[in-house]
Amino acid sequence: MRNLTRNFWICLGLIMFPLTTFGQQKNNFTYVPAQELLLVGKATTEGEYFHRVDTAKYCTMPPAVKKLFTNSAGLAISFTTNSPVIKAKWTVPDNYQLPNLTRIAQKGLDLYIKRDGKWQFAGVGMPGGVTTERVIVDNMGTEEKECLLYLPLYDELKSLEIGVSSDAHIYKGENPFKKKIVVYGSSILQGASASRPGMAYPARLSRSSGYNFINLGLSGNGKMEKEVAGMLANIDADAFILDCIPNPSPKEITERAVGFVMTLREKHPDTPIIIIQTLIRETGNFNQKARENVKQQNEAIAEQVEVLRKKGVKNLYFIKEDRFLGTDHEGTIDGTHPNDLGFDRMLKKYKPAISKILKIKFRDE
């Protein structure tokens, strides 16, 4: 009799609270761990799920570089759902808020949904404390939606769950981007100071081309160390873009650029390598020392590109600074890092040059 009574209550519980085939129900929502969906924008599948590079494997890279590679810049979760509302619950460390970034860019989420074949902004996950639970977008229809959720630019994501209505489904998406174009560089590449994660320029290049531009930006630390060159050379890339000249000194550029490129070329004899000069920083509008430093950086990399060409390095391309930020001095947040207007102007220069070199067609975002 005791077993019969127990079985009765179990059956009654299953009737009252039906099981779903995935996730965990919380307040009429089904939450799915991001690991059950598709991670887009990672250079390799190795290492911690939300880290851009396996820092344990490449343990000889400088400590600051390894730390920055734990930031989830450029990563996104691809999924489809018919839910009229999309929520998220995520955890980040209690790190210092950077003064030249919005909290959304540093620690938040940024959702895009495809409409009429084009990725369109749908909503953001505004970060709260260490753990945040937010509605990203609400009051949508119940049609199937192809979604891309960008992760924080300047923080380490510890956990992420995506929530949909309990009567809706959520499925693992496909990778919307083809091939792998690895972009290595500075804080500007990492995303400073875009207003939100999806506005970092590699993400914008990906959405407007359908190609996968991998964000390996390193705030203040894109300095062409040989250990980093070795890591990059192990990536199965279709092209490399080196947008790192803002970080190394003219002396470091002279000492490291040739060796860095030759390390890539040894393992990728025919892969296109594109080097981009640093943008002219607005701090140099009045600060003569800052202006002279940028001039010397750009002269140094131009000289090293010529050295590489004289060595017979093929498929090496050079994009020269061409007023990337415009001429009205309104393109940055702090004199160095572009705001969204500055990134717009940069892309108007980058896209034609990259298109010509890699035969990629970009369309308006």
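Residues numbered from 1 in each chain as written. Predicted model: local features only at pLDDT ≥ 70, side-chain atom pairs only at ≥ 80, totals over all residues. Heavy atoms only, no water.

### Things to note about the domain arrangement of the chain
Parsing the chain into structural domains produces domain 1 (28–175) and domain 2 (177–364). Measuring from the centre of the C-alpha atoms in domain 1 to the corresponding centre in domain 2 gives 25 Å. In this complex, domain 1 contributes 38 residues to the contact, which on the side of domain 2 involves 35 residues. Summed over both sides, the interface of domain 1 with domain 2 buries roughly 3,000 Å², with 61% coming from carbon and sulfur. (Domains from an automatic or database assignment. Contact = heavy atoms within 4.5 Å. Buried area = accessible area lost by both parts, 1.4 Å probe.)

### Here's the deal with the environment of Lys145
Position of Lys145 relative to the elements: it lies in strand 9 (residues 145–150). Here the alpha-carbon distance between Lys145 and Lys87, two residues 58 residues apart in the chain, equals 14 Å. Non-local contacts of Lys145, meaning those with residues more than four positions away in its chain, are made with Phe79, Thr80, Thr81, Asn82, Ser83, Ile113 and Met140. Within the structure, Lys145 has its side chain in polar contact with the backbone oxygen of Gly141 (distance 2.8 Å). Looking at Lys145, its side chain comes within polar contact range of the main-chain oxygen of Glu143, at 2.7 Å. (Helix = DSSP H or I, 4+ residues; strand = E, 2+ residues; numbered from the N terminus. Polar contact = N/O pair within 3.5 Å; in protein donor to acceptor, adjacent residues only side chain to side chain.)

### Digging into the UniProt feature "domain: SGNH hydrolase-type esterase N-terminal" (unreviewed entry) in the chain
The UniProt entry lists residues 31–170 under the feature "domain: SGNH hydrolase-type esterase N-terminal" (unreviewed entry), expressed in the numbering used here. Regarding residues 31–170, the helix share stands at 8% and the strand share at 39%, and the terminal C-alpha atoms are separated by 9 Å. (UniProt positions renumbered as here; feature names shortened; annotations may be inferred.)

### Here's the deal with the packing of aromatic side chains
Applying the stated criterion to the full structure yields eight aromatic pairs. Centre to centre, the rings of Tyr49 and Phe50 are 5.0 Å apart; their planes meet at 80 degrees, and the pair counts as edge-to-face. Using a relative accessible area of 4% as the deciding quantity, one classes Phe50 as buried. Relative to Phe362, the ring of Phe213 lies with its centre 6.3 Å away and its plane at 35 degrees, an arrangement referred to as tilted. (Phe/Tyr/Trp six-rings, centres within 6.5 Å; stacked < 30°, edge-to-face > 60°. Buried < 20%, exposed > 50% of the residue type's maximum accessible area, 1.4 Å probe, protein only.)

### Some points on the packing of helix 7 (residues 250–267) against helix 8 (residues 288–310)
Where helix 7 meets helix 8, the closest approach of the two axes is 9 Å, and the angle between their N-to-C directions is 30 degrees. The angle between helix 7 and helix 8 places the two elements in the roughly parallel class. As for how helix 7 packs across helix 8, the hand of that crossing is right-handed. Only Asn293, Gln296, Gln297, Ala300, Ile301, Gln304, Val307 and Leu308 of helix 8 make contact with helix 7, whose side of the interface consists of Pro250, Ile253, Thr254, Ala257, Val258, Val261 and Met262. (Axes fitted to C-alpha atoms, helices over the stretch in contact; angles between N-to-C directions. Parallel < 35°, antiparallel > 145°, perpendicular 65-115°, else oblique. Left-handed = near helix turned anticlockwise from the far one by under 90°.)

### A word on the nonpolar core
Residues Tyr184, Met231, Leu232, Leu242 and Phe260 are the most contacted members of the largest nonpolar core, which totals 39 residues. Here the element with the most residues in this core is helix 7; it accounts for six residues. Lining this core are residues from two domains, each supplying at least three of them: domain 1 (28–175) and domain 2 (177–364). Excluding its chain neighbours within four sequence positions, the residues that come into contact with Phe260 are Tyr184, Met224, Glu225, Val228, Ala229, Leu232 and Leu242. Residues Leu205, Ala239, Ile319 and Ile354 belong to the second largest nonpolar core, which totals 36 residues. (Core = buried A, V, L, I, M, F, W, Y, C linked by side-chain atoms within 4.5 Å.)

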